[in-house]
Amino acid sequence: ASILRSPASPPHPISFALPLLLSSPPPRSPPAMEHAERLSTQLQSALTSLDASHSRPLQKSAYLCMARCVDTAPSSASNPSALPNCLARCSARVDAFQNAAQQAVGGLQQRFGRCAEVCQDKGEAVMGAGGGEKEARKVVDR
């Protein structure tokens, strides 16, 4: 499927990352909100940098390679698999990068989710032990 990508709209292997990472409910306390906003800004900056330094150059290289395949591959009558094989080889590095980026973002998402669950459990434990909302916020904001 990767050989059918349109050069006008190249895939962005990390464009999905921020919504996935920040899909948990927003924090309600001011310190937690500040931390979430700072994390969001840092993540966006890292993803933008990763896109500029790795993703775009890989995509450009793959598209140029694909153009060479179209120019130089034997005709489909003499070797029907030559062009598709060449195109697949060209996109292999982009595909590998996309997979690695998705796995890394998935790992971050899981860690953030576990962290949010622990935080919620601590807040609920304080509330269940007779503590008020103020005490629960203190625990959650730590």
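What you see is a predicted model, and the numbers here were worked out from it, not measured in a lab.

S.K.: Mind showing me how you'd approach the pattern of salt bridges here?
M.R.: Opposite charge on two side chains makes pairing possible when the charged atoms of those side chains draw close. Across all of its chains, the model carries one salt bridge by this definition. For R56, the salt bridge is made with D51, and the minimal N-O distance between the two is 3.3 Å.

S.K.: Please clarify how the state of the cysteines should be interpreted in this entry.
M.R.: Scanning all chains against the criterion turns up two disulfides. What pairs with C69 in a disulfide is C86, and their sulfur atoms sit 1.8 Å apart. Its S-S torsion of approximately -75° makes the covalent link between C69 and C86 left-handed. One end of the pair, C69, is in helix α2 (residues 30-72); the other, C86, is in helix α3 (residues 82-128), with 17 residues separating them in the sequence. For the pair shown, C69 and C86 are each scored as buried. Listing the disulfide partners of the protein chain by sequence rank of the bonded cysteines yields 1-4, 2-3.

S.K.: Looking at this structure, I do not really get the nonpolar core. What am I missing?
M.R.: A general feature of soluble globular proteins is that nonpolar side chains tend to end up buried together. Counting residues in hydrophobic clusters, the biggest one holds five residues: M66, C69, C86, L87 and C90. At the level of elements, α2 and α3 are the ones that each hand at least two residues to this core. In terms of residue count, α3 provides more of this core than any other element does, three residues in total.

S.K.: Is there a simple way to think about α3 in this case?
M.R.: For α3, built from 47 residues, the straight-helix expectation of 69 Å at 1.5 Å per residue is met to within 8% by its first-to-last C-alpha distance of 67 Å. G130, located one to two residues past α3, shows a positive phi value of around 95°.

S.K.: Quick question: what am I supposed to make of the confidence of the model for the protein chain here?
M.R.: Segments scoring low in pLDDT should not have their predicted coordinates read at a detailed level. Summarising the model, the protein chain shows a mean pLDDT of 78, and 70% of its residues fall at 70 or more. Here helix α1 (residues 17-21) stands out as the element of the protein chain with the lowest mean pLDDT, 49, in contrast to α2, whose mean of 89 is the highest. Throughout residues 1-18 the model reports pLDDT below 50, and contacts reaching past four residues in sequence, or to other chains, amount to 42 contacts.

S.K.: How do you make sense of the side chain of S91 when you look at a structure like this?
M.R.: Among the structural elements, S91 can be located in helix α3. One polar contact links the side chain of S91 to the main-chain carbonyl oxygen of A88, over a distance of 3.2 Å.

Reading guide: rules and limits
Residues numbered from 1 in each chain as written. Predicted model: local features only at pLDDT ≥ 70, side-chain atom pairs only at ≥ 80, totals over all residues. Heavy atoms only, no water. Salt bridge = Lys/Arg side-chain N within 4 Å of Asp/Glu carboxyl O. Disulfide = S-S within 2.5 Å. Helix = DSSP H or I, 4+ residues; strand = E, 2+ residues; numbered from the N terminus. Buried < 20%, exposed > 50% of the residue type's maximum accessible area, 1.4 Å probe, protein only. Core = buried A, V, L, I, M, F, W, Y, C linked by side-chain atoms within 4.5 Å. Expected span 1.5 Å × (residues − 1). pLDDT = per-residue confidence, 0-100. Contact = heavy atoms within 4.5 Å. Polar contact = N/O pair within 3.5 Å; in protein donor to acceptor, adjacent residues only side chain to side chain.

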